[in-house]
Structures are given as structure tokens and as C-alpha cells.
Amino acid sequence: MRSVIQEARSLLPRTVDLRRRLHRNPERGNHLPLTRALVLGELESLPLEITEHETTSGLAAVLRGARPGPTILLRGDMDALPVVEDTGLPFASERSGFMHACGHDMHAAMLAGAARLLAARRDELAGTVLFMFQPGEEGFFGARLMLEEGLLDTAGERPSGAFALHVSNLYRSGTVWFRAGPQMAATDEVAITIRGEGGHASTPHLAFDPIPVAAEIILAVETAVTRRINVFEPGVITFARIDAGTTHNVIPETARLLGTVRALTATTRTELHSILHRVAGNVAVAHGVDAEVEFGVGYPVTVNDPGYTAFVRSVARQALGADYVGEPPWPSMGGEDFSFVLDEVRGTMAYLGTCPPGQQPGEAPNNHSNRVVFDEDAMATGVALHAAVAMAHGDGGFDGGSDSWSG
């Protein structure tokens, strides 16, 4: 198994080249024509059965091993963010206002590298590998759309395992980090519109001012979260925008709050929604105004199957060495639409450390920063782990029920 990392390192120049071409040409959302073309160009010489999705720019590529075995899904997302890059890299974004600030260019390049490595080992590969090149992770529900288009049936036999990596500068370069159970949060959006009556700022008693009501709702919600949410099943409500008024001496008719709601369990998610409805409505009534609460339901909780996580951790220790495998101290309140895949298939998602040399993990600019720089050498680890997990899965290392793998 250790030989896989050597093969991945030999592929690193090619992996880096694809990553940099993707980085120069970031595209956002579910329709990424140039990105898809670049990935297809990298895959065209490989013995893959490729399906181009129609509702999105998603790609499904199937590699069939020479020996019978189960099917595994490997995911790499491809979309960028609406961010103005300020890294100074020689391969910085050439599209103004867009940047691969979350490392999806690395994810796609690593998955293509794994496809090449596994194709070279096809004669010894058992089972089938379904490579999922996914658009629209950054809030566009790309994974769900690919599933709705029949992704899991692409290879004939539905996958019995799923695996994905996400780069992070919170961790030392080349290390991988697993956590069983909830790994990332459910993510919803909330908008609260408070409707009162406008008037002159000098006579607030002749109006129904929505602005202090909005302020009271914010404070009351934050207090309610600390009193109504189990601290061992955390949730977060953050109001990030307040819109109200047009000038200094006019009381507006409406005020609007925009925020995010995040939870690590379905129970907490439901309770946070209830808190927002209850607090906003009752505070508004107390002040003689109306409050309308609207939700944009986002991604579900990303839950790593405990058995599959133990299996992948065992594979990682053998392929990389125990010193390169760790467990995050707590879940992330960020969201991830690989959660839709994990709702259908037992699997796990891991973080790949990419902190650049000379910088400290957690101190270097991280995902979504316009100054984030990832260590490209870590991609060899990502390629190797994708390949190692696929080979171990095909060999029956994970039988769908065991909590460990002996190799």
C-alpha cells in the first residue's frame, strides 16, 4: 500500500499542472463549461466510461477493475467563489471577481490524478470506481442535482461506499483528518422582515419604528439560543446584514435582517427554526409591528459513517503512516453538499492538510480568503489516499458492517 504514495508523487507535476490551469480559469455555480473541458481533456486518454450530466456541468467517470468487487464513489468538486484574488501567484485567476478560494481546483485535480493512478493499476483493481466531478458545491446544490440525474446508477451497481477530501490550512501539509459522526453542519439562510409605520425621526411616537425592534430581535434570539439549545448539540444563528432606512431623519417602514442558521443535528436545526419564528413574532407583537420569517433551506448535516470512517482511517495509516493521520478536536460549523451523497451511501469525508511551508496551521489564510495559498505538494497525499481507499474497498476491506480493516 505504501507504493501508492510513491506513484502519486510521480504524478504530482501533472496534477499540479491541471490544478493551475483550473485555478487560472475559475467558474462559479452549476455550469462550468471551461472547467469541464479541462477535466475532460485530462481524462480522455484513460479507460473510463464518461457521462456528461445535462442539468449541470457534472461528470461521472467509471473505471472497471479487472477483478469483480463492489463499487465506490470518489468525489471532487470543481466550482469557484465570487472572490477577487489577492495572492500574487503566477497562476492567479484570470477572471476578474472569481477565485478558487476554497481549493476545489485541487479537489478536481487530485481526483483526476487518482483516476490516472488507478487506471494504471486496472489489472489488479477489484470492483468499480465511480469518479464524481461535481459543480455547484458553493451553495448551488450541485451534488443533489447530480444525484437526481441518476449519478448513483451510472456504474450499474450502486456504490456501497463514498469518500471525499477537502483541503484546509488548519492542518499540517500532507496530513489527513477524520471524524466519525457529524463532521460539518446543516446550513440554512434566514430573512426576517419587520414592518412598522414610517415617520419623522423627531416624532417616533407617531410612527412604529422597525429598527429598535430588529435590534431587540437580534439580542433576544442570541439569548434564546444559549437557553434553549443543548450545548452538546450546538447550533449557531448569526445575523450578518441589516437593511433599513434611507437617511438620518426618516423612520423607515421596514427593516430586514439576513442571517445564517447552522446545526450539527436535525433536532437542533428544527429548534433553531422554532426559536426564530417564536422570538421574532412575539417581539414584534410586543411593539405593535409585524415580523415575517423566511428560510432558505440549505445543506443537511454532513455525517461520516463510523464504520466507514474507521476503515478509511486504517487505510490512511497504512498508506501514509500513522503520524500523518489525526482526528479534528471538534466538528466544523461550515456546510458541505457531499452531505447529500452521505445521506444515500455509507462513507466519509476527510480534511487534507495544506498549510504552506513556513506558516503555522490555523494562522495562514484559510478557505474563502482572497489571500489563501495551499501547499500543492499535499496533492500527492490526496491522490494516494483516493486510490488507496478505492483499492481497499474493491478488495472487500470494508464489508459494509465492520469497523476496521486489517489490510
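Note that the coordinates shown come from a computational prediction; the quantities given were computed from them, not determined experimentally. (Residues numbered from 1 in each chain as written. Predicted model: local features only at pLDDT ≥ 70, side-chain atom pairs only at ≥ 80, totals over all residues. Heavy atoms only, no water.)

Q: For this particular structure, what's the right way to read the pattern of salt bridges?
A: Pairing between side chains becomes possible if they bear opposite charge and their charged atoms approach one another. For the structure shown, the criterion picks out 26 salt bridges. In this structure, R116 and E42 form a salt bridge, with 3.6 Å as the shortest nitrogen-oxygen distance. Here E42 lies in helix α3 (residues 33–43) and R116 lies in helix α4 (residues 104–120), a separation of 74 residues in the sequence. Residue R116 shares its accessibility class with E42, and that shared class is buried. With a shortest N-O distance of 3.6 Å, R75 and D337 are connected by a salt bridge. Separated by 262 residues along the polypeptide, R75 in strand β3 (residues 67–77) and D337 in the loop between β15 (325–326) and α9 (338–342) bring together distant segments of the chain. Salt bridges linked by common partners bring R14, D17, R21, E42 and R116 together as one network. (Salt bridge = Lys/Arg side-chain N within 4 Å of Asp/Glu carboxyl O. Helix = DSSP H or I, 4+ residues; strand = E, 2+ residues; numbered from the N terminus. Buried < 20%, exposed > 50% of the residue type's maximum accessible area, 1.4 Å probe, protein only.)

Q: Would you mind showing me how to read helix α10 (residues 379–394) here?
A: Residues three or four positions apart in an α-helix share a direction because the helix packs 3.6 residues into each turn. For α10, built from 16 residues, the straight-helix expectation of 22 Å at 1.5 Å per residue is met to within 8% by its first-to-last C-alpha distance of 23 Å. Of all 16 residues in α10, 16 are buried, a share of seventy percent or more. Immediately beyond the C-terminal end of α10, within one or two residues, lies G396, with a positive phi of roughly 85 degrees. (Expected span 1.5 Å × (residues − 1).)

Q: Whenever I open this one, the packing of helix α2 (residues 12–24) against α4 confuses me. Can you help?
A: Axes are the key here: two packed helices are described by the angle between their axes and the distance separating the axes. Packing of α2 against α4 brings their axes to within 8 Å, and their N-to-C directions diverge by 145 degrees. Pair α2 / α4 crosses with right-handed handedness. Every residue of α4 that contacts α2 at R14, T15, L18, R19, L22 and H23 is listed here: D105, M106, A108, A109, M110, A112, G113 and R116. Of the residues contributing to the contact of α2 with α4, the split by class is 7 nonpolar, 3 polar and 4 charged. (Axes fitted to C-alpha atoms, helices over the stretch in contact; angles between N-to-C directions. Left-handed = near helix turned anticlockwise from the far one by under 90°. Contact = heavy atoms within 4.5 Å. Nonpolar A, V, L, I, M, F, W, Y, C, P; charged D, E, K, R; others polar.)

Q: Which parts of the structure should I look at to understand the pairing of strand β5 (residues 161–172)?
A: A regular strand places its side chains on the two faces of the sheet in alternate fashion. Summarising burial for β5: 10 of the 12 residues are buried, a large majority. Where β3 meets β5, 4 bridges bridge the pair, whose relative direction is parallel. Looking at β5, one finds that I72 is bridged to G161. Of the strand pairs in this sheet, β5 and strand β16 (residues 347–355) are connected by 8 bridges, and their pairing is parallel. Each bridged residue has a counterpart across the sheet, and for A164 the counterpart in β16 is M349. (Pairing = 2+ DSSP bridges.)

Q: Would you take a moment to explain the environment of E292 for this structure?
A: Among the structural elements, E292 can be located in strand β13 (residues 290–299). Here E292 falls in the partly exposed class, since its relative accessible area comes to 32%. For the pair E292 and A255, spaced 37 residues apart in sequence, the C-alpha separation works out to 11 Å. Apart from residues no more than four positions distant in its own chain, E292 is found in contact with A191, I192, T193 and R195. There is a polar contact of 3.1 Å between the side chain of E292 and the side chain of R195. (Polar contact = N/O pair within 3.5 Å; in protein donor to acceptor, adjacent residues only side chain to side chain.)

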